[in-house]
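Coordinate inspection notes
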Amino acid sequence: MAHEAPSEADAAGAENFERILAKDSRVEPKDWMPDAYRRSLVRQISQHAHSEIIGMQPEANWITRAPSLKRKSILMAKVQDEAGHGLYLYSAAETLGTSRDEMMDALVQGTARYSSIFNYPTVTWADMGAIGWMVDGAAICNQVPLCRASYGPYGRAMVRVCKEESFHQRQGFEILLELANGTPEQRAMAQDAVNRWYAPSLMMFGPPDDDSPNSKQSMAWNIKRFSNDELRNRFVGMLVEQVKVLGLTLPDDEVRFNEDTKKWEHGPLDWEEFKEVLAGRGPCNAQRLERRRSAHEDGAWVREAASAYAEKQAAEHAQKVAA
Amino acid sequence: MTQSLGDASASATRILPSSSPRSQARDGALAAGAPPGNALRPEDIALAAQQGAAKPGEDVANYALRLGDDALILAQRLAHWISRAPELEEDVALGNIALDQLGHARSFLTYAGSAWGKTEDELAYFRREPEFRSAHLFEQPNGDFAATIARQFIVANYQFPLYRALVNSSDPLLAAIAAKAVKEVDYHRDHSTQWVLRLAGGTEESRRRMIAGLKLMWPFVGELFEDDALTARLGDAGVVPSSLKAEFDRATAEVLDEAELDVSAYPMATGGGRQGRHSEHLGFVLAELQVLAREFPGASW
């Protein structure tokens, strides 16, 4: 079929799409949508799903060594939640016509992205606290507005994700609080983790607004509601208050509330490092991808067995019905 | 003691928000007619022990220690699968089973520890290999997915009739822990059964691996059903292990027959876990489990 001028159906669909955006209502899977909107969503939702799945690794790293059975059980539940988030985000992306297998292949082949934060190592138990408090905290700042994203399945998935993330953040804060009030060694461990995760967590919001190529279109489509810098500033303000409760400090002398703009500001971030990690040259990029690849490849025979068995069962059933 | 210890029909993972389970647990974990959703938690058991409402005798404590150690070591093994499973659904499922087992372990160990003034963590993190009372099956390495499923299939078919019988224990706390655990283990049984059938009837490779997995794990069945002086002394408080064997044989045979698998030729290994004699594996499991807690003895987490 040759390319033709937009059909009547397309024109009506486009009109409906614009109307939905104008009313700030939801686009549903069967609605007409521009190809670019669809592609952009598949990219964003699958990246988000991949982040959940890769994000399981730095925390799974401490499950078997968690220092109390209660902490072990909380951490296990948390990492399990992340697998669940990945599952429903992949499902949301599938409603746009891209299969989970395709997305998974792109991830293990290294052509898809996931949040760079997970390319940093978790070297002490306090990192479980810092990840919960700062990394999940940043994720919440990012994701709460996404509950209102114009694409229905994504917005609804985010409602559930955010509920669980807020539990994750509280457990992280609690880990740090316990350490900060513990022995001098525990306290030092907590401060060290906060120092290491501070800048990477701020960079989770993405590049500064004047260097963020996708943001403008995403906001026009009612997917993104606030700019990277707006969210980052909001997050810094939250950290400033909460770090006081912990009795720890942020590794940034330049954090301040700007009375003129009424916004929190932070010191300079190393965007070169961000780009390096994004380009695959972070401390754990290869390790994270290799783990995902080996889990996927080692499990291939299991998935094949499950499909083969299901086919045999279906064939047997069909035979019985026919007889 | 005839009071209800929490709501046996509730699960720790499904707590109703409206009944304020925390305060209920504090105020009335031991009161009859606790609201639904008030699942029995290790914290409730610790509290009951502190208040003198539940203190096991030496034999019951040692029995709880066996059940708790089985569940703890298995949870530790299963936890390793999280982020490594063949598909995301199995990351969730194996994680869930690990979490259930860890919950059972915490309850049993808390109860056992209350006899000796020890917490669940003191028992889990500060005992040495020969002080653990888990059976050898639980410490067997995960192997591939089929080996893990073989281990799960045996465990679930052992724990299900065990907890179902333990619900009638004359010891109210063992009965309460079992009442919560049996529903969860029923799911574990279903999970492993489905996978045994799938792997045995899937592809040539999966069948070969399922057979290899059973061959690895089946020798450790025997130890699970061995009676000894402790299980004899327990009377109505515990469950005589050998009394569960017939049900285990019946239930496993039903699945294995359907899967056309034969385990009859596999010899039984010498056990000894209940007396603290373990395989070479347990030391490594404990090294990983205990390392951080032992680096900071006395610290609170």
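Computed from a predicted model, the values in this text were never measured in an experiment.

Looking at the overall build of chain A
Broken down by element type, chain A carries 13 helices and two strands. When its C-alpha atoms are laid out on the principal axes, chain A stretches across 75 × 55 × 35 Å. Per-residue burial for chain A yields a buried fraction of 54% across its 323 residues. Sequence separation of at least 24 residues holds for 77% of the intrachain contacts in chain A that already meet a minimum separation of 6. Summing over all exposed atoms, chain A offers an accessible surface of approximately 14,900 Å²; the carbon and sulfur share of this is 52%.

Here we look at the interface of chain B and chain A
With 49 residues of chain B at the interface, the matching set in chain A holds 45 residues. Contact between chain B and chain A buries roughly 4,100 Å² in total, counting both sides, with carbon and sulfur atoms accounting for 67%. When the buried surface of chain B facing chain A is broken down by residue, S83, L88 and W301 of chain B rank first, second and third, together holding 19% of it. On the surface where chain B and chain A come into contact, there are one salt bridge. E89 of chain B is the partner of R100 of chain A in a salt bridge, and the nearest nitrogen-oxygen pair spans 2.7 Å. At the boundary of chain B and chain A, one finds 16 residue pairs in polar contact (both at pLDDT 80 or more). Only α3 (58-79), α4 (88-114), α5 (120-125), α7 (145-166), α8 (172-201), α9 (204-217) and α13 (281-295) of chain B provide two or more residues apiece to the side of chain B that touches chain A. Partitioned by chemical class, the residues of the side of chain B that touches chain A number 26 nonpolar, nine polar and 14 charged.

Structural notes on empty space enclosed by the protein
All names here are of chain B. Applying the stated criterion to the full structure yields three cavities of 30 Å³ or more. Space inside the largest cavity adds up to approximately 110 Å³. Forming the walls of the largest cavity are 13 residues, and the residues nearest its centre are Y63, Y158, T231, P241 and R274. Where the lining of the largest cavity is concerned, the elements lending two or more residues are α3, α7 and α10 (221-224). Looking at side-chain class alone, the lining of the largest cavity contains eight nonpolar, one polar and four charged residues.

Notes on the nonpolar core
Judged by nonpolar contacts, the single largest core of 186 residues is most densely connected at W125, W133 and M134 of chain A together with L199 and W218 of chain B. In this structure, W125 of chain A is in contact with W62, A66, P67, R71, L75, I175, L179 and M189 of chain A together with L292 and W301 of chain B, ignoring residues within four places of it in sequence.

Here we look at the layout of surface pockets
Residue and element names in this part refer to chain A. Here the second largest pocket is characterised by a volume of approximately 1,200 Å³. Q47, N142, M204, F205 and G206 are the residues nearest the centre of the second largest pocket, which is lined by 46 residues in total. If you list the elements that add at least two residues to the lining of the second largest pocket, you get α2 (35-54), α6 (126-143), α7 (152-180), α8 (184-203), α9 (215-220), α10 (228-246) and α11 (271-281). Residue classes in the lining of the second largest pocket are distributed as 20 nonpolar, 16 polar and 10 charged.

Details of the side chain of D171 of chain B
All names here are of chain B. In this structure, D171 sits in the loop between α7 and α8. Polar side-chain contacts of D171 include one of 3.0 Å to the backbone nitrogen of L174. Look past the residues within four positions of D171 in its chain and what remains in contact with it is V60, Y111 and A237.

With respect to the environment of A287 of chain B
Position of A287 of chain B among the secondary structure elements: in helix α13. For A287 of chain B and A269 of chain B, which are 18 residues apart along the polypeptide, the C-alpha to C-alpha distance reads 24 Å.

Topic: the state of the cysteines
Residue and element names in this part refer to chain A. On inspection of all chains with the given rule, the structure shows zero disulfides over all chains. In this model C141 remains outside any disulfide bridge; the closest cysteine sulfur is found in C162, 10 Å from its own. Judged by relative accessible area, C141 falls into the buried class, the value being 13%.

A short note on the packing of aromatic side chains
Here the structure, examined in full by the defined rule, presents 15 aromatic pairs over all chains. Pairing W271 of chain A with F274 of chain A gives two aromatic rings, centres 5.1 Å apart and planes at 80°, and the pair type is edge-to-face. A residue pair is termed a helical-turn pair when its members lie 3 or 4 positions apart in one helix, as W271 of chain A and F274 of chain A do in helix α11 at three residues. What makes W271 of chain A buried here is its relative accessible area of 17%. You can call F274 of chain A buried: its relative accessible area is 13%. An angle of 85° between the planes, with centres 5.0 Å apart, marks the rings of F145 of chain B and W195 of chain B as edge-to-face. Residue F145 of chain B is found in helix α7, and its partner W195 of chain B is found in helix α8; the two are separated by 50 residues along the sequence. In this structure, F145 of chain B and W195 of chain B share a single accessibility class: buried. An aromatic cluster is defined as three or more aromatic residues linked by ring pairs; in this entry it consists of F17, W32, Y37 and W221 of chain A. Directly above the aromatic system of F226 of chain A lies the positively charged group of R234 of chain A, at a separation of 4.3 Å from the ring centroid. R189 of chain B extends its terminal NZ or CZ atom over the ring of F160 of chain B, reaching a point 3.9 Å from the ring centre.

Here's the deal with helix α1 (residues 8-22) of chain A
All names here are of chain A. Between its first and last C-alpha, α1 extends 21 Å over 15 residues, near the 21 Å set by a 1.5 Å rise per residue. Taken as a whole, α1 has its buried residues at G13, F17, I20 and L21. The buried residues of α1 occupy an angular sector of 95° when projected down its axis, which confines them to one face. Turned more than 90 degrees away from the buried face of α1, the exposed residues are E8, E15 and A22. Against α2 and α9 lie the buried residues of α1. Remark: D24 follows α1 within two positions and exhibits a positive phi of approximately 55°.

Parameters and conventions
Residues numbered from 1 in each chain as written. Chains lettered and ligands numbered in written order. Predicted model: local features only at pLDDT ≥ 70, side-chain atom pairs only at ≥ 80, totals over all residues. Heavy atoms only, no water. Helix = DSSP H or I, 4+ residues; strand = E, 2+ residues; numbered from the N terminus. Buried < 20%, exposed > 50% of the residue type's maximum accessible area, 1.4 Å probe, protein only. Contact = heavy atoms within 4.5 Å. Areas by Shrake-Rupley, 256 points an atom, 1.4 Å probe, with all protein chains shown as cover. Buried area = accessible area lost by both parts, 1.4 Å probe. Salt bridge = Lys/Arg side-chain N within 4 Å of Asp/Glu carboxyl O. Polar contact = N/O pair within 3.5 Å; in protein donor to acceptor, adjacent residues only side chain to side chain. Nonpolar A, V, L, I, M, F, W, Y, C, P; charged D, E, K, R; others polar. 1 Å grid on protein atoms, 1.4 Å probe; cavity = no way out; pocket = protein on both sides within 12 Å on 5 of 7 lines; lining within 4 Å. Points joined across faces, edges and corners; volume = space filled by probe spheres on them. Core = buried A, V, L, I, M, F, W, Y, C linked by side-chain atoms within 4.5 Å. Disulfide = S-S within 2.5 Å. Phe/Tyr/Trp six-rings, centres within 6.5 Å; stacked < 30°, edge-to-face > 60°. Lys NZ or Arg CZ within 6 Å of the ring centre and 35° of its normal. Expected span 1.5 Å × (residues − 1). Arc of directions from axis to C-beta.

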